[in-house]
Amino acid sequence: MRSFFASRFVQAIMLSGLFLQIGIWVRNFAILLYVTDMTNNDPYSVSLISVAEFAPIFIFSFIGGAFADRWRPKLTMVWCDILSAVSVFAIMVTLFYGSWKAIFFATLVSSILSQFSQPSGMKLFKVHVPESQMQMGMSLFQSMMAIFMILGPIMGTFVYYHFGIEVAIAIMGVCFLLSALVLTFLPADRKNEEGTEKPSTHIFAEMGQGFKYVLNNKMLVTLGGCFAVAGLAIGLISPLGIFLVTENLGLPKEDLQWFMAANGVAMILGGGATMGFSKKVSPQALLIIGMAVSVVTFAVMGLTHLVWLALLMQFFSGLVMPAIQIAISTMILGNTEESFVGRVNGILNPLFMGAMVLTMSLAGSIKASFSLPSIYVTSAVLFLIGVFIMLPTLKYKANAAPQPNTDEVKAG
């Protein structure tokens, strides 16, 4: 633990993540509140915010992953943050001259650039964090994200209502610049050793190599199937939480915040617990346990009319969510060679997001035709299918090349 936190890479990447989380959450809630104020709660305009946030994942995730494998990861991350900050300040100028609709581009541009930056960060984890500490690193990241799930909405709302949209946008730009500054303290990008320079190939050829790489790796193919099923399950119920509170439990819609708070607190505890025993449990076992618990929690949440039991299930659902996300990230890194990390990430992530958005978009129609308990039970069944998909992986062995620079990692 001491050597992990003493690492210059860990210190820089965590501080950068802290600035980015502040900027992203202030952006998310300030823009949401601003758009609702400017359009008088127009649902179409509000939905465009989600489109600006999620559409780049489909369009740019694989492209960004492929370029992340070609470019130097540290430099890529620094420039992505700088360009995000430049776009934010450009939007501030546009706002000053009265065109408020440009606000959507603040989300769109930073979301596009994150598709290049995020896989580069995964590559750096592969290079600078020893295999034995990788799961701990993922746990730490997940814990920080869980904390901001609780603090972020409060922070964004406070900034917008007390200082206005201009200050909120300025904070976002400054946070991106601070993140870029912190990232300059990362260890320098590794240069290719003499004689090992990769032949120059077309980007489309490298994309094809990425698909072949995934298809030839049993663990990654299985993980892709699990991603798709989990995405279908989560997308099916994620828009229906408000109906769970009002219909099943007979509470006012405002009480949804307490369920979200229970989930957020549980995610913080779950992230810490996962970090504590990450060395004792394989990522495959961690993922299976997390999904198995989700089977029970989703089914009970859909069937119960007891408030205390629904809150308890919401808590347990949040408790195992970090284990699921940490296990997935660890399995991707542990089973992928460094030169393919970006492309593998770019192939698997859209599988989850695509499946989730598909059932999310159909959730309203499904809700009109089926009862809420049956929908939650269906989601639980999908997670159960995911458990069965993952069970054979307990016998699989990691199929990635050895980590580079482990001597330097241990020394630094």
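Note that the structure is a prediction, hence the values are computed from the model and not measured.

**A few points about the overall build of the protein**
The secondary structure content of the protein amounts to 16 helices and zero strands. Taken over 412 residues, the protein has a buried fraction of 52%. The long-range fraction of contacts in the protein, counting pairs at least 24 apart against all pairs at least 6 apart in sequence, stands at 89%. With the model as given, the accessible surface of the protein reaches about 19100 Å², and the carbon-plus-sulfur share is 70%.

**Here's the deal with the pattern of salt bridges**
Tallied over the full model, the rule gives one salt bridge. Between E247 and K367 there is a salt bridge whose closest N-O contact spans 3.0 Å. Residue E247 is located in helix α10 (residues 241-248), and its partner K367 is located in helix α14 (residues 341-369); the two are separated by 120 residues in the primary sequence.

**Some details on the nonpolar core**
Membership of the largest hydrophobic core comes to 81 residues, with the highest contact counts inside it found for F9, L223, L287, I332, V344 and F383. In this view, F383 contacts A230, A233, I234, M291, S294, V295 and F298; residues no more than four positions away in its chain are not counted. In this structure, V35, I49, I91 and I169 belong to the second largest nonpolar core, which totals 21 residues.

**Looking at the side chain of D81**
Mapped onto the secondary structure, D81 falls in helix α4 (residues 73-96). Beyond its immediate chain neighbours, meaning those up to four positions away, D81 contacts S16, L20, F176, S179, A180 and L183.

**Comments concerning the packing of aromatic side chains**
Geometrically, a pair of aromatic rings is defined through the distance of the ring centres and the angle of the planes. Scanning the entire structure with this criterion turns up six aromatic pairs. The interplanar angle of 65° and the centroid separation of 5.3 Å between the aromatic rings of Y160 and Y161 together place this pair among those described as edge-to-face. Sitting above the plane of the F243 ring, K367 keeps its charged end 5.0 Å from the centroid.

**A few points about a nonpolar patch on the surface**
On the surface, V174, L178, L181 and F185 cluster together to form a nonpolar patch covering roughly 370 Å² of accessible area. Structurally, F185 can be placed in the loop between α7 (165-183) and α8 (203-215).

**Observations regarding α14**
Given a rise of 1.5 Å per residue, 29 residues ought to cover 42 Å, and the 42 Å separating the end C-alpha atoms of α14 matches this to within 8%. At A363, α14 shows its maximal bend, which comes to roughly 45°.

**Quick look at the packing of helix α12 (residues 283-303) against helix α13 (residues 307-334)**
The geometry of a pair of packed helices is captured by two quantities: the angle between their axes and the separation between those axes. For the pair α12 and α13, the least separation of the axes is 8 Å and the interaxial angle reads 155°. With respect to their mutual orientation, α12 and α13 come out roughly antiparallel. Helix-helix and strand crossings are classified by hand; for α12 and α13 the assignment is left-handed.

**With respect to the packing of helix α2 (residues 8-39) against α7**
Look at α2 against α7: their axes get within 8 Å of each other, and the N-to-C directions meet at 165°. Classified by the angle between their axes, α2 and α7 sit roughly antiparallel to one another. The handedness of the crossing between α2 and α7 comes out as left-handed. Residues belonging to the contact of α2 with α7 are distributed by class as follows: 19 nonpolar, three polar and one charged.

**Looking at the environment of V295**
Position of V295 among the secondary structure elements: in helix α12. Residue V295 is classed as buried on the basis of its relative accessible area of 15%. For V295 and V387, which are 92 residues apart along the polypeptide, the C-alpha to C-alpha distance reads 9.1 Å. Setting aside residues no more than four positions away along its own chain, V295 makes contact with A380, F383 and L384.

**Some thoughts on the side chain of T76**
Locating T76 in the fold gives a position in helix α4. Setting aside residues no more than four positions away along its own chain, T76 makes contact with W71, F116 and S120.

**Things to note about the environment of A30**
Positionally, A30 belongs in helix α2. Spatially, the C-alpha atom of A30 lies 6.5 Å from that of A168, the residues being 138 residues apart in sequence. Not counting the four nearest positions on each side in its chain, A30 is found in contact with G156, Y160, I165 and A168.

**A look at the confidence of the model for the protein**
Confidence along the protein averages 79 in pLDDT terms, with 86% of residues attaining 70 or more. When pLDDT is averaged over each helix and strand of the protein, the minimum, 42, is found for helix α16 (residues 406-411) and the maximum, 93, for helix α15 (residues 372-390). pLDDT under 50 marks residues 192-197. Its contacts with residues more than four places away, or in other chains, come to two contacts. For the stretch residues 401-412, pLDDT sits under 50, and the model shows 22 contacts to residues farther than four places along the chain or on other chains.

Calculation criteria
- Residues numbered from 1 in each chain as written.
- Predicted model: local features only at pLDDT ≥ 70, side-chain atom pairs only at ≥ 80, totals over all residues.
- Heavy atoms only, no water.
- Helix = DSSP H or I, 4+ residues; strand = E, 2+ residues; numbered from the N terminus.
- Buried < 20%, exposed > 50% of the residue type's maximum accessible area, 1.4 Å probe, protein only.
- Contact = heavy atoms within 4.5 Å.
- Areas by Shrake-Rupley, 256 points an atom, 1.4 Å probe, with all protein chains shown as cover.
- Salt bridge = Lys/Arg side-chain N within 4 Å of Asp/Glu carboxyl O.
- Core = buried A, V, L, I, M, F, W, Y, C linked by side-chain atoms within 4.5 Å.
- Phe/Tyr/Trp six-rings, centres within 6.5 Å; stacked < 30°, edge-to-face > 60°.
- Lys NZ or Arg CZ within 6 Å of the ring centre and 35° of its normal.
- Patch = residues over 30% accessible without salt bridge, like charges linked within 9 Å, V, L, I, M, F, W, Y side chains within 5 Å.
- Expected span 1.5 Å × (residues − 1).
- Bend = angle between axes of the 7 residues up to and from the residue.
- Axes fitted to C-alpha atoms, helices over the stretch in contact; angles between N-to-C directions.
- Parallel < 35°, antiparallel > 145°, perpendicular 65-115°, else oblique.
- Left-handed = near helix turned anticlockwise from the far one by under 90°.
- Nonpolar A, V, L, I, M, F, W, Y, C, P; charged D, E, K, R; others polar.
- pLDDT = per-residue confidence, 0-100.

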